[in-house]
Amino acid sequence: MKVLVTGGAGYIGSVTCKALEQAGHVPVVLDSLLSGPRVFVGDRIFYEGDIADRGLLRRVFEEHPDIEATIHMAARIVVPESVELPYEYYRDNVAKSLELFDELVALGRTRLIFSSTASLYALSPRFEVREGDPLAPMSPYARTKRMMEQVIEDVSAATPLRAIILRYFNPIGSDPDLETGYHLRDATHVVPLMAQAALGLRDRFTLTGTDLPTRDGTGIRDYIHVWDLARAHVAAVERFDEAIERTGETATYLNVGGGDGVTVRELLAAVERVVGKDVPVVEAPSRPGDAVGAFANADRARDLLGWTTELSLDEAIRSALAWGEKRRAILGYD
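Model, not experiment: these values are computed from the prediction.

Re the packing of helix H1 (residues 11-22) against helix H7 (residues 226-238)
A packed helix pair is summarised by two numbers, namely the angle formed by the two axes and the spacing between the axes. Interaxial distance between H1 and H7 falls to 8 Å at its minimum, and their mutual angle equals 60°. Here H1 is positioned oblique relative to H7, judged by the angle of their axes. Relative to H7, H1 is oriented so that their crossing is right-handed. Contacts between H1 and H7 involve Tyr-11, Ile-12, Val-15, Thr-16, Lys-18, Ala-19, Leu-20 and Gln-22 from the first element and Val-226, Trp-227, Leu-229, Ala-230, Arg-231, His-233 and Val-234 from the second.

The structure is reproduced here in structure tokens:
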């Protein structure tokens, strides 16, 4: 089937497009290229423009009447930037998505997969979070995602729109062919920092927080190979009608994750296995605002979509580091 992918030039969007293709589907990419690089689109069907441009949306569906679902990924995603630019985040993520959803309803294109975030969840003493757990979005970025969820809930209750909403934490890695990966210029990711310390490119890795109430005293996070995450979006497309029918919900929430979490010490050990060298570490107290962390229970995604992770943490790290070596050649910057 054909699938419209908004934000299909971005990191997760471009990898999802490749996963759709490998599953026999045809992605149609709509992206403003505000942050996603044009090179990530490749030779796919592509429309450059805004998700709130109703005329453009009508043209997309007129030219591709066989589009059967929309995966909505287009969004601003940088948490610190959202604090500095709240207007831009609410405008681009919320207001423009409202226009998109209303036009999809007007066109009768009512299957929607929405890419949300598990950072919405309130901190849990058991660290594991489930779809019905309390929410406490802590940044303008996270609040825009929750607002979009609420918009979907209300619109789907009043119209034929139906939605599967995927919540996930930390994707890492690249697509299997190392053609696309994380592309934002100024991001600081923990895996490359650890690897650089192991390879002598940094003096050491600073481990902040060693007395936290986790299994080894360090923070816990939910890392998922981006290819597994892309596969979850494909499964949501392929089993959309069945999942909606089984739940009886107009908007169905599904967590996507590994299901057990990874502590910082465990991540360090994994990086050392992949790189084959020790990571020099200096320990430091937790920083103000540092969260102990959480991980997503994904039982519901397994039940409704038949989806589980297939790739290990080591494979995700290996993929992330391999992408780091190719990134400059493809994007022209580190």
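Further notes follow.
Focus on the packing of aromatic side chains
The description of two aromatic rings rests on the distance between their centres and on the angle between their planes. Taken as a whole and assessed by the stated rule, the structure comprises 2 aromatic pairs. Judged by centre distance (5.4 Å) and plane angle (80°), the ring pair of Tyr-11 and Tyr-182 falls under edge-to-face. Residue Tyr-11 is found in helix H1, and its partner Tyr-182 is found in the loop between strand S8 (170-172) and helix H6 (190-198); the two are separated by 171 residues along the sequence. Ring geometry for Phe-40 against Trp-323: centres 6.0 Å apart, planes inclined by 65°, an arrangement best described as edge-to-face. Residue Phe-40 is found in the loop between strand S2 (26-31) and strand S3 (45-48), and its partner Trp-323 is found in helix H11 (residues 313-331); the two are separated by 283 residues along the sequence. Grouping residues by exposure puts Phe-40 and Trp-323 together as buried.

Quick word on helix H5 (residues 140-158)
With 19 residues, H5 extends 27 Å between its outermost C-alpha atoms, agreeing within 8% with the 27 Å of an ideal straight helix rising 1.5 Å per residue. Taken residue by residue, H5 has Pro-140, Tyr-141, Ala-142, Thr-144, Lys-145, Arg-146, Met-148, Glu-149, Val-151, Ile-152, Val-155 and Ser-156 as its buried positions. Those residues of H5 that are buried lie in contact with strand S4 (67-72), helix H3 (79-84), helix H4 (86-106), strand S5 (111-115), strand S7 (162-167) and strand S12 (251-255).

Each value, and the rule that gives it
- Residues numbered from 1 in each chain as written.
- Predicted model: local features only at pLDDT ≥ 70, side-chain atom pairs only at ≥ 80, totals over all residues.
- Heavy atoms only, no water.
- Axes fitted to C-alpha atoms, helices over the stretch in contact; angles between N-to-C directions.
- Helix = DSSP H or I, 4+ residues; strand = E, 2+ residues; numbered from the N terminus.
- Parallel < 35°, antiparallel > 145°, perpendicular 65-115°, else oblique.
- Left-handed = near helix turned anticlockwise from the far one by under 90°.
- Contact = heavy atoms within 4.5 Å.
- Phe/Tyr/Trp six-rings, centres within 6.5 Å; stacked < 30°, edge-to-face > 60°.
- Buried < 20%, exposed > 50% of the residue type's maximum accessible area, 1.4 Å probe, protein only.
- Expected span 1.5 Å × (residues − 1).

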